[in-house]
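Breakdown of the fold
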Amino acid sequence: MPAVVSQTRIVPLGGLGEVGMNCLAIESRDGIVIVDCGVTFPHDQYGIDLIHPDFSWLWERRDQVRGLIVTHGHEDHIGAIPYLLRMIPMPVYAPAYARVLIEHRLSEHPDIVNADLHTTAPRKKFSLGSSITVEPLRVTHSIPDATAFCIDVPGARVFHTGDFKLEEDPPDGEASDIQRFQELGREGIDVLLSDSTNVDVATRKTSERSVSSALTNIIAKLEGRVVVGLFASNIYRLQAIANAAIATQRRLCLLGRSVQTHVKAAQALGKLKFPSDLLVSPEVAMTLAPHTVLAIATGTQAEPASAIARLARNDHPFFRLERRDTVIFSSRTIPGSERAVFGLICDLERAGVNVHFSGIDSEIHVSGHAARDEQSRMIELTKPRSFIPLHGTFHHLKRHAELARSMGVENTLLLENGDTARWSNGQLAQDGGVPHGRVHIDEGQVVAPPTLEERKQMSESGTVFAQLHLDKIGMLSTPFAVTTRGVLLEEPAHVLEGLARSAVSEALRLARGPREVLTPEEARDAAARTLRRIYRVGHRRPLVVVQVKSVGGPIVG
Ligand SMILES: [Zn+2]
Ligand SMILES: [Zn+2]
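Going along each chain's sequence as written, the residues are numbered from 1 onward. Numbering of ligands from 1 and lettering of chains from A proceed in the order in which they are written. Totals for whole chains, interfaces and linings use every residue, but because this is a predicted model, local features are given only for residues with pLDDT of at least 70 and side-chain atom pairs only at 80 or more, for both listing and counting.

Details of the pairing of strand S11 (residues 156–160)
The buried fraction of S11 is high, at five of five residues. The alternating pattern of S11 places Ala156, Val158 and His160 on one face and Arg157 and Phe159 on the opposite face, and all of these are buried. Paired strands, in this sense, are two strands between which DSSP finds at least two bridges. Under the scheme used here, helices are H or I runs from DSSP no shorter than 4 residues and strands are E runs no shorter than 2 residues, and both carry numbers assigned from the N terminus. In this structure, strand S10 (residues 147–153) lies alongside S11, joined through five bridges in antiparallel fashion. Opposite Asp152, over in S11, you have Arg157 as the bridge partner. Counting the residues that bridge the hairpin from S10 to S11 gives two residues, and of these Gly155 lies at a positive phi of roughly 90 degrees. Taken together, the three bridges between S11 and strand S12 (residues 189–195) define a ladder with parallel strand orientation. Note that in S12 the partner of Phe159 across the bridge is Leu192. Consider the strands pointing away from the viewer: the crossover is right-handed when the path from the first strand over the helix to the second runs clockwise. Crossover handedness for the path S11 to helix H5 (residues 178–187) to S12: right-handed. Partly exposed residues are those whose C-beta has more than 12 but fewer than 20 other C-beta atoms within 10 Å; 20 or more makes a residue buried and 12 or fewer makes it exposed, with C-beta atoms placed from the backbone.

Structure follows, in structure tokens:
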């Protein structure tokens, strides 16, 4: 009897070759397991709220999908779950804190009812399909309840670190489960998938506990109001600031919806504790002496609608900053946001507000991701037969792959989204590509690529609009007007308009040729081509909209 060849395929759909939008599928003889399903946020806005991975590869295999397993509750790991479940209902397994956040996200999508959610716990194995077993393992990260996964599919054991760090003494006592990593390493791990984010940082210099005392020390010396900006999901940091408020005899004020959401979720799970009279509303905070107020705010990446950006513009409905007040950015700046963050810092400083940020004061923030020495340790502990770096731009993945090879893991592959790897006969090899991409979402709706292209074109080059009235044979019956918005004009508007009229008239005649009539659609297309040529300046190609009204006919646009 021929031996059954067991093959396992690793299929990254997001998060490899970029920071954010993490989503990876593991395909085996017994079906597909998806690990994480996150979003990313656009730098070039065009009104796009978020971007999620293209799920068409999963959709084609929807009968094979056994479930989604979630490492932790960051948006780049859970934000796309509503969009995936809308396409393919499936069970979702997530640790407690992530589950609360997923439920919160799903409540914003009332069309998704009866989601099949399960809570995972460290070292509590569960099964998917008939022979896939998943063991969640505790890892320390910048959000509570983060996990790695040991995933056993027929023919392969895959270890997925999720986002992790190996800080020894995290404030909640939930250190990474080094002992279990080591045991699994001894048993044998076929493929290690590991977090590459901080591969350029040689070693961890500080800890969440020392950040906590650094913040308290800084706040104790300040006189005015203090606002601390952070990622709201960092519950350890929220707790540290609440502790600082108590230690410095300030009342605590929460600015921004996501801070309130996370405080509520963390309190409900007993992960955040402070006396109930510590909190004051922003309205009340403004009536208190400035040196008795400490606020927590969102907006460390200078998102325009966030609390810190509104404070800098002085258009927060209740809270205000004055000279000698202080803003502390207890966060890192995500690559791509630097310019906006510096703009915000300057706006605050111009208004006389003191600013502390981790760029000049490294004590006030610590990363949730493993530095290079912790990444090496993970490889040492798990002793993988093969390795794929996760979570990072091409640069991060490349350096992490080099690190693994330098530690003797020769069978290392550098994959980006849509590249796949196949584990068979004890070897990991590059396999074919799969459909992948980015789906843009605005107000919960998919923005189709042509719509996005129109938004881009209008914002960069402007819009040209004309309505043509045609006679029975499809020629112009009256001269038409051209309306432009945001368009660069090489000549005075009326000159271009005159040019456009005669050029369009000529174009319609040419398009009709020897035929008796030109159809409204043909007239529209010929006119649009002509207007595009006339209103084009260098690289600027305005969006041209032409409507055609024929005698007795409908408007064709
Ligand atoms: Zn994370
Ligand atoms: Zn992440």
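Following the structure, the description resumes.
Focus: the confidence of the model for the protein chain
For every residue, the predictor reports its confidence as pLDDT, a number between 0 and 100. Per-residue confidence for the protein chain averages 95 on the pLDDT scale, and 99% of its residues sit at or above 70. Note on residues 1–5: pLDDT is under 50 here. Beyond four places in sequence and across chains, it has one contact. Contact between two residues is assigned whenever their backbone-derived C-beta positions fall within 7 Å.

Remarks on the sheet that holds strand S20 (residues 427–431)
A sheet is described by the order of its strands in space; here eight strands give the open sequence S7-S6-S5-S3-S2-S1-S19-S20, paired in mixed fashion. Only two strands of the sheet have a single neighbouring strand rather than two, namely strand S7 (117–120) and S20. The mean angle between the axes of side-by-side strands here comes to 25 degrees, regardless of whether they run parallel or antiparallel. One ladder, built from five bridges, connects strand S1 (residues 8–14) with strand S2 (residues 23–28); its direction is antiparallel. What sits directly across from Gly14, in S2, is Cys23. Geometry is summarised by axes, namely lines fitted to C-alpha atoms with helices restricted to the contacting stretch, and by angles between N-to-C directions that run from 0 to 180 degrees. The strands touched by helix H4 (residues 96–107) are strand S6 (92–95) and S7; relative to S6, the strand with the most contacts, the crossing angle is about 125 degrees.

Observations concerning helix H8 (residues 257–268)
A rise of 1.5 Å per residue sets the reference length of H8, with its 12 residues, at 16 Å; its end C-alpha atoms lie 17 Å apart and thus fit the reference within 8%. Here H8 has its buried residues at Val259, His262, Val263, Ala265 and Ala266. The secondary structure elements touched by the buried residues of H8 are H4, helix H7 (235–247), strand S14 (251–255) and strand S15 (293–297). Positive backbone phi, at 70 degrees, marks Gly270, one or two positions downstream of H8. Between the first and last residue of a helix there are one fewer steps than residues, each counted as 1.5 Å, and that sum is the expected span.

Regarding helix H15 (residues 493–512)
With 20 residues, H15 should reach 28 Å at 1.5 Å per residue; the first-to-last C-alpha distance of 28 Å fits that figure. Turning to H15, its buried residues number three or more, namely Ala500, Val504 and Leu508. End-on view of H15: buried residues confined to an arc of 60 degrees, all on one side of the axis. In H15, the exposed residues that point more than 90 degrees away from the buried face are Val495, Ser502, Glu506 and Leu510. Backbone geometry just after H15 places Gly513 at a positive phi near 60 degrees. Note that the arc is computed from the directions linking the helix axis to the C-beta atoms.

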